[in-house]
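One-letter residues, chain by chain:
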Amino acid sequence: MADTAVAHEGHTSSTGISNVKLGMWLFLGSECLLFGGLISTYMLYRGRVSNGPTPEQVYDIPFTSVSSFVLLMSSLTMVLAVSAAAKKDDRGTNLWLVVTALLGATFVGGQVYEFTAFYNEGLGFTTSLFGSSFYTLTGFHGVHVTVGIIMLMALVAINKRSRVPGSKAETVEMIGLYWHFVDIVWIIIFTLVYLIPV
Amino acid sequence: MAIIERPAPGTTLVPALAPSAPAITPARTFGALRRPVATTGWKSWLFTVDHKKLGLMYGATALFFFIIGGLEAVLIRLQLAAPEGKVLNADLYNQMFTMHATTMVFLFVMPMAAGFANYFLPLQIGARDVAFPRINAFGFWCLLAGGIVVNLAWFFGGAADGGWFMYAPNSGPVFSPSHGVDFWALGLQIAGIASLTGAINLIVTVLNMRAPGMTLMKMPIFTWMITVVQFLLLFAVPVITVALFLLTFQRSFDAKFFDVAAGADPLLWQHLFWIFGHPEVYILVLPSFGIISEVLPVFSRKPLFGYPFVVFSGAAIGFVGWGVWAHHMFASGLGPVSVAVFSLATMAIAVPTGVKIINWTLTMWGGKLVFTTAMKFAVGLIILFTIGGLSGVTHSVAPSDTQQTDTYYIVAHFHYVLFGGAIFGIFSGFYYWWPKMFGKMLNERLGSWNFWLMVIGMNLTFGPMHILGLQGQPRRMYQWTEARAGEGFFNLGFWNLIASIGSIILTLGVLFFLINIVVTARSKVRAPLDPWNARSLEWMTSNPPKEHNFDSIPHVNHLDEFFHRKYEEDPTTHTMREVATAEQVLAELEKNADAHIHMPSPSYWPIVLAAGMPVVALGVIYSIPVAIVGGLIMLYAIYGWALEPATAPAIDHDESSSNGHNGHAVGASHG
Amino acid sequence: MTMHTTEHTAASHGDSAHGGAEHAEHGMSTRGYINIALILAAITALEVSTYYVDFGPLFLPALLIMMVVKFFMVVSYFMHLKFDNKLFSWMFYAGLFLAVGVYVAALGTFHFFLR
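Our subject in this report is the structure included herewith. Note that the coordinates shown come from a computational prediction; the quantities given were computed from them, not determined experimentally.

### A few points about the overall build of chain C
For step 1, the next point in the chain: Within chain C, the secondary structure is distributed over 4 helices and 0 strands.
For step 2, the next point in the chain: Taken from the N to the C terminus, the helices and strands of chain C come in the order α-α-α-α.
For step 3, the next point in the chain: Per-residue burial over chain C gives 49% buried out of 115 residues.
For step 4, the next point in the chain: Summing over all exposed atoms, chain C offers an accessible surface of approximately 6000 Å²; the carbon and sulfur share of this is 70%.

### Details of the overall build of chain A
For step 1, the next point in the chain: When you go through chain A residue by residue, the secondary structure sums to 7 helices and 0 strands.
For step 2, the next point in the chain: Secondary structure elements of chain A occur, N-terminal to C-terminal, as α-α-α-α-α-α-α.
For step 3, the next point in the chain: With 198 residues in all, chain A has 69% of them scored as buried.
For step 4, the next point in the chain: In chain A, once contacts between residues fewer than 6 apart in sequence are set aside, the share between residues at least 24 apart is 82%.

### Here we look at the interface of chain A and chain C
For step 1, the next point in the chain: Every contact between the two is made by 57 residues of chain A and, on the other side, 52 residues of chain C.
For step 2, the next point in the chain: Taking both partners together, chain A and chain C bury about 4800 Å²; carbon and sulfur atoms supply 76% of that area.
For step 3, the next point in the chain: Linking chain A with chain C are 1 salt bridge.
For step 4, the next point in the chain: Connecting chain A to chain C are 3 residue pairs in polar contact (both at pLDDT 80 or more).
For step 5, the next point in the chain: For the side of chain A that touches chain C, the secondary-structure elements that each account for two or more residues are α2 (19–45), α4 (61–86) and α7 (169–195) of chain A.
For step 6, the next point in the chain: Classifying every residue of the side of chain A that touches chain C by side-chain character gives 30 nonpolar, 19 polar and 8 charged.

### Some remarks on the packing of aromatic side chains
Residue and element names in this part refer to chain B.
For step 1, the next point in the chain: Considering all chains together, one arrives at 92 aromatic pairs over all chains under this definition.
For step 2, the next point in the chain: With a centroid separation of 5.7 Å and an interplanar angle of 40°, the aromatic rings of F245 and F249 are classed as tilted. Of this pair, F245 and F249 both sit in helix α6 (residues 221–253), separated by 4 residues, roughly a single helical turn.
For step 3, the next point in the chain: Residue F245 is classed as partly exposed on the basis of its relative accessible area, which comes to 23%.
For step 4, the next point in the chain: Residues F427 and F430 carry aromatic rings whose centres are separated by 5.3 Å and whose planes lie at 80° to one another, so their mutual orientation is edge-to-face. Note that F427 and F430 are positioned in helix α12 (residues 408–438) at a spacing of 3 residues, about one turn of the helix.

### A look at unusual backbone geometry
Residues and elements named next belong to chain B.
For step 1, the next point in the chain: Here A168 and P169 are connected by a cis peptide whose omega angle stands at 0°.
For step 2, the next point in the chain: Along the chain, P169 falls in the loop between α4 (133–152) and α5 (180–208).
For step 3, the next point in the chain: The omega angle of the peptide bond from N543 to P544 is -15°, so this bond is cis rather than trans.
For step 4, the next point in the chain: Summarising the element assignment, P544 is placed in the loop between α14 (492–522) and α15 (561–566).
For step 5, the next point in the chain: Positive phi outside glycine occurs at N549, with the angle close to 70°.
For step 6, the next point in the chain: The residue N549 is located in the loop between α14 and α15 in this model.

### Focus: the packing of helix α2 (residues 51–80) of chain B against α14(B)
Residue and element names in this part refer to chain B.
For step 1, the next point in the chain: As a packed pair, α2 and α14 sit with axes 9 Å apart at the nearest point and diverge in direction by 155°. The angle between α2 and α14 falls in the class roughly antiparallel. Crossing geometry of α2 relative to α14 is assigned as left-handed. Only N496, A499, S500, S503, I504, T507, V510, F513, L514 and I517 of α14 make contact with α2, whose side of the interface consists of L63, F66, I67, V74, R77 and L80.
For step 2, the next point in the chain: Among the residues forming the contact of α2 with α14, the class breakdown is 11 nonpolar, 4 polar and 1 charged.

### What to know about the pattern of salt bridges
For step 1, the next point in the chain: Using the criterion set out here, one finds 17 salt bridges over all chains in the structure.
For step 2, the next point in the chain: Of the charged contacts in the structure, one is a salt bridge between A:R48 and B:D265, with a shortest N-O distance of 3.9 Å. Of the two residues, A:R48 is situated in the loop between α2 and α3 (55–58) and B:D265 in the loop between α6 and α7 (267–300); the pairing between them involves two chains.
For step 3, the next point in the chain: Residue classification places B:D265 among the buried positions, given a relative accessible area of 18%.
For step 4, the next point in the chain: The residue B:D594 makes a salt bridge to B:R128 at a minimum N-O spacing of 2.9 Å. Of this pair, B:D594 sits in the loop between α16 (582–591) and β4 (596–598) while B:R128 sits in the loop between α3 (90–124) and α4; the two residues are 466 residues apart in sequence, bridging distant segments of the chain. For the pair shown, B:D594 and B:R128 are each scored as buried.
For step 5, the next point in the chain: When salt bridges that share partners are traced, they join A:K21, A:E173 and C:D84 into one network.

### With respect to the nonpolar core
For step 1, the next point in the chain: Within the largest apolar cluster, 309 residues are counted, with the highest numbers of intra-cluster contacts made by B:W269 and C:F92.
For step 2, the next point in the chain: With 22 residues, α6(B) is the single largest residue contributor to this core.

### A closer look at the environment of B:R535
All names here are of chain B.
For step 1, the next point in the chain: Relative to the helices and strands, R535 resides in the loop between α14 and α15.
For step 2, the next point in the chain: Residue R535 is classed as buried on the basis of its relative accessible area of 6%.
For step 3, the next point in the chain: C-alpha separation for the pair R535 and F563, spaced 28 residues apart in sequence, amounts to 4.4 Å.
For step 4, the next point in the chain: With sequence-adjacent residues up to four places away left out, R535 is seen in contact with P297, V298, K302, P303, D560, E561, F562 and F563.
For step 5, the next point in the chain: At 3.0 Å, the side chain of R535 forms a polar contact with the side chain of D560.

### Points about the environment of B:T573
All names here are of chain B.
For step 1, the next point in the chain: Residue placement: T573 occurs in the loop between β2 (567–569) and β3 (576–578).
For step 2, the next point in the chain: Here T573 falls in the partly exposed class, since its relative accessible area comes to 49%.
For step 3, the next point in the chain: Of the polar contacts made by the side chain of T573, one reaches the side chain of T575; its length is 2.8 Å.

### Describing helix α13 (residues 444–470) of chain B
For step 1, the next point in the chain: Between its first and last C-alpha atoms α13(B) spans 39 Å; for 27 residues at 1.5 Å apiece the expected length is 39 Å, and the two agree.
For step 2, the next point in the chain: Backbone geometry just after α13(B) places B:G472 at a positive phi near 100°.

### Focus: a nonpolar patch on the surface
All names here are of chain B.
For step 1, the next point in the chain: Taken together, the side chains of F253, I624, I628, L632, L635 and I638 make up a nonpolar region of the molecular surface, amounting to roughly 560 Å² of accessible area.
For step 2, the next point in the chain: Counting residues per element, the nonpolar patch draws most heavily on helix α18 (residues 624–643), which supplies 5 residues.
For step 3, the next point in the chain: Relative to the elements of secondary structure, I638 occurs in helix α18.

Definitions and limits used
Residues numbered from 1 in each chain as written. Chains lettered and ligands numbered in written order. Predicted model: local features only at pLDDT ≥ 70, side-chain atom pairs only at ≥ 80, totals over all residues. Heavy atoms only, no water. Helix = DSSP H or I, 4+ residues; strand = E, 2+ residues; numbered from the N terminus. Buried < 20%, exposed > 50% of the residue type's maximum accessible area, 1.4 Å probe, protein only. Areas by Shrake-Rupley, 256 points an atom, 1.4 Å probe, with all protein chains shown as cover. Contact = heavy atoms within 4.5 Å. Buried area = accessible area lost by both parts, 1.4 Å probe. Salt bridge = Lys/Arg side-chain N within 4 Å of Asp/Glu carboxyl O. Polar contact = N/O pair within 3.5 Å; in protein donor to acceptor, adjacent residues only side chain to side chain. Nonpolar A, V, L, I, M, F, W, Y, C, P; charged D, E, K, R; others polar. Phe/Tyr/Trp six-rings, centres within 6.5 Å; stacked < 30°, edge-to-face > 60°. Axes fitted to C-alpha atoms, helices over the stretch in contact; angles between N-to-C directions. Parallel < 35°, antiparallel > 145°, perpendicular 65-115°, else oblique. Left-handed = near helix turned anticlockwise from the far one by under 90°. Core = buried A, V, L, I, M, F, W, Y, C linked by side-chain atoms within 4.5 Å. Expected span 1.5 Å × (residues − 1). Patch = residues over 30% accessible without salt bridge, like charges linked within 9 Å, V, L, I, M, F, W, Y side chains within 5 Å.

Take a look at the structure:
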C-alpha cells in the first residue's frame, strides 16, 4: 500500500501473504463478535414492546427488500472494481468504485427514510427495548456502510492523482473486503430482523 | 556498521552521530505536517513508532497505574482493618474498590503485558519492528487516553462505583447518578481500541515477520503465549465493546437496554461482560505464564520440559476459556442445564493449566537451579498460582460456588491467581529483562527484599480472606461490626487486621522495587552482554538493542537458537560444551551486517488521532458539539495518516542510499 | 495451522504486480461474478416471497438456509476466501464460528430457542 520503492523492497513475509490483508481478515473476524453481540441483543429484545409499535406494525418489507437488493448488488460492483484494479485499469476501477458508493449511499438514504418513517409511527430510540435494540443494531450497520462510502470516495480521489496504474490495487481489495463484510452482515440482519417475525 | 536510513539526528545543520548515516529532510508535506525527525529528546518519544520505545512507554504507564491502584487497595484495607472503619465513607469506598480493580486489570496488568510483548516479541522472532508500527504507536496513545479518561472522573464528581463488572441495572443512572460510570465506559472503550489494534498488529507480526527458519514450533514460548493472548483479545474485546456501547447508550441517550421496568433482562449485561471477562482472565495470566516459561529453563540450566505441551496447553486454555463464562453467574438462576454444562467446562480447563504446572516443575527437576530474583518470582508464581487454581476448582462445583459467590473467598481466589500469578510473572520479567531493556541489572539484594516482602505480604493479605469468605464476610461491604465478627479462631476482626497488616508489608515490597529502579538507574555498572546465559533470540543483540534490533537477521535452526549457537553437544560424553561466547555470536552477526536498513519513520498522526478520542468521550458526557470537535480532530488525523507512507520515501534519502536495493526493509507495511 | 517459513522474495517487485498475478490465478471472470450476483438476486427474491406466500413449517429452516447460502457465496467468491490462502479462512472462520457458538449458547441460557 505504501507507494514508494523503499517500502516495497525486501518485502519479507514468513507466510508469503501481505500484512495488510492478513490484518484486514483478522479485523473482520473480530467484527463478527461485535455484530454477533448486537444481533443477539436485538434477538433477545425484539419481542419486548412495553410501549409503542411492534416490529410487525412498523416494518415495510417491500421497501427494505429493495434497499437490501441495492446493497447486495453493490457487492457485485465492488468486486468488479477490485477486478479492474487487478488489471491495472484505473478508469474501470474508478467507475465501479463510484457506482458502489452510489449504491451504498442509496442504501443509507433508504435507512434514513426508514428511520424517519418508524419514528413518525411512534418508534423512538427510547420507546421500548425493541426500539433501542433495533436502532442500535441497524445504526451500527449504517455507520459501517457510511464509513465504507467515505473510504470509497477517498480512494477514487487518491486514484485520480496516482500516476502509476493499478498502484492502489491492494487498497481497493482491502476496502472491497470491508464492503463485502458489511454486505454479509446485512444478509443476516435482513433475514433475522426483518423476515422472521417475532 | 549498519547504516540506518531514517531521519538522522537533526538535519544537515547538526553533525550526525554516525557520520555515514545520510541526513534526511522530509521533502513533502503529507496532509498538513511534515514528518517529525527528532531521534533524541521528548519529541523522539512522542512521535516514535519504535516498538521498543513504545514497549517502555507501555511499561512506564502501567507502572504508574500500578502505584495508583496499589494505593487504592491500601485505602480499602485501612478502612477494613478495624470495626466500623472511618477512613472512607460508603460512597468513596465503592469508588475505591471499583477503580482499584479497573486500574489493576485494564491499566496495569494488560498494558504491562502489552509492554513486554511490544518490546520482546519482535526481538524474540528476529524482526526489526512490528507489522504496523504507526498503529502500534496509536494503540499506546489510546491506552493512555483511556486510562486518563477513566481516572478523570475522580475530579468530575466521583469515579465509577459499580464494581469492576459493573452489573446492570446497578450501573444505570438511577443507582449510579454521578458521571463516574460514563467516564469508566468511555475510557475502557478507548483503551479497548489499544487492545484490538495491538492484537491485529502482533498476530500479523508473529505470522509474517519471523526470521528465516523460525517455524511456529521454534518460537520462544513467551511469543507463543502472547500470540494466544492476542487471539483472545481479538475476539473478546468486541464483546465488551458491545456491552460498553449499550451501557453508554443507556446512560447518555436513555436507551432501555437494562431498564427492568421496560422488560429488560439484566442478565444480558452479565453474559456480555463475562463472555469478554473470562477470556480476559487468561489474557491477564497467560503473558506471565510465558515469562516464567522463559525464566525457568534459563535458571534451571535445562530446556523447557515438554515445549509442545506448554504451547498446546496454552492454546487449549485459550480455546476452552470461551466456554466457561457463565461460572461467574452460577448464583444468578441460569437453570440446572446451563449450570451443569458450564460447571463441567470449568473443571476441564483445570487440566491444561495443570499440564503447565507439571511442565514447569519438571523443567526444574534435576536442573542446576540458580535462585536469582527472577527465578524466585517464577517459583513463587508456580506455588501461589497453584493455590489460587485449587480454590478456583472449588468454584467450578456449582453448589459450593453458590455459597462462595460474593464473599471474600472469591476475593482470595482471584488475588492468588492474579497477584500470585500475573503480577509475580511480571516481576519475574522485570528482573529477567531489565538488563536487556536498560543495559543495567537490577540489584539482586534489593530484589531479594522485594521478593520476600511481597511473598509474605501477599499471603498475609489474601490468605486470611479464604477464612473471612467462608465465614460469610461479603465482598464490597464497606464496614464490619464487632457484634457480628464471631469468636475464637474465626473472629473476623483478627483476620481483617492480619490482611491489612499484610497489605502494608506488600506495599513495602513494592517500595523496595521502586527503590531498586532508582538505585539501578544511578549505578554506573553496565550489565554484561548475556548476564543470565540465556537461550532465546532477544539476547542475541546488544543491551539495550540497537534501533534496528539486529545487524543482520539471524537464520534460525533450533528452538532456543541463541543457546545452540553458544553450546554444542559433545559427541562422546553427550554433555553440552561451550563453543562460542555471546560476544562471539554477536560479532558473527555483525560481520554479515545488512548494508541498508529501512526503518519505519516517526509520525505525528498516531498521537493526534488518539488525542481526539478523549475529546469525543467528554463530548458524549457533557455536550455533543464537543464530541463533534473531537471527531473532526480524528478525521484530520486520519487524512494525514492516509497520505503519509509508513516509511520515508526515497526522495527523503540521499541519492546514494536510495540505490540500496539489496537492503532489507523492516517488512512493515502501510499501517 | 502449520506453515513453512520461507524467505519470500517473489513479492519484492511491488504489491500491485503481486496482487495482479494473484487475481489472474483465481480465474473468476466478470461473467462469473455476474452469475454469482444473479444467483444471489434469485435467492433474495425467494426470501422475500416468503413474506407473501405461506411456506408452512418450511418457513424458518428455508429462510435460515437461504441466508447461510448467500452469506457463504459472498464470502467464498466475492471475498475470494475460497481461492485465497487458507490462513485467511482460519482467521475469519475462527471469529465467525466463535461468535455463533458463544452467542447461541448465551441466548440458549435465556431459553430463547424454546419459545
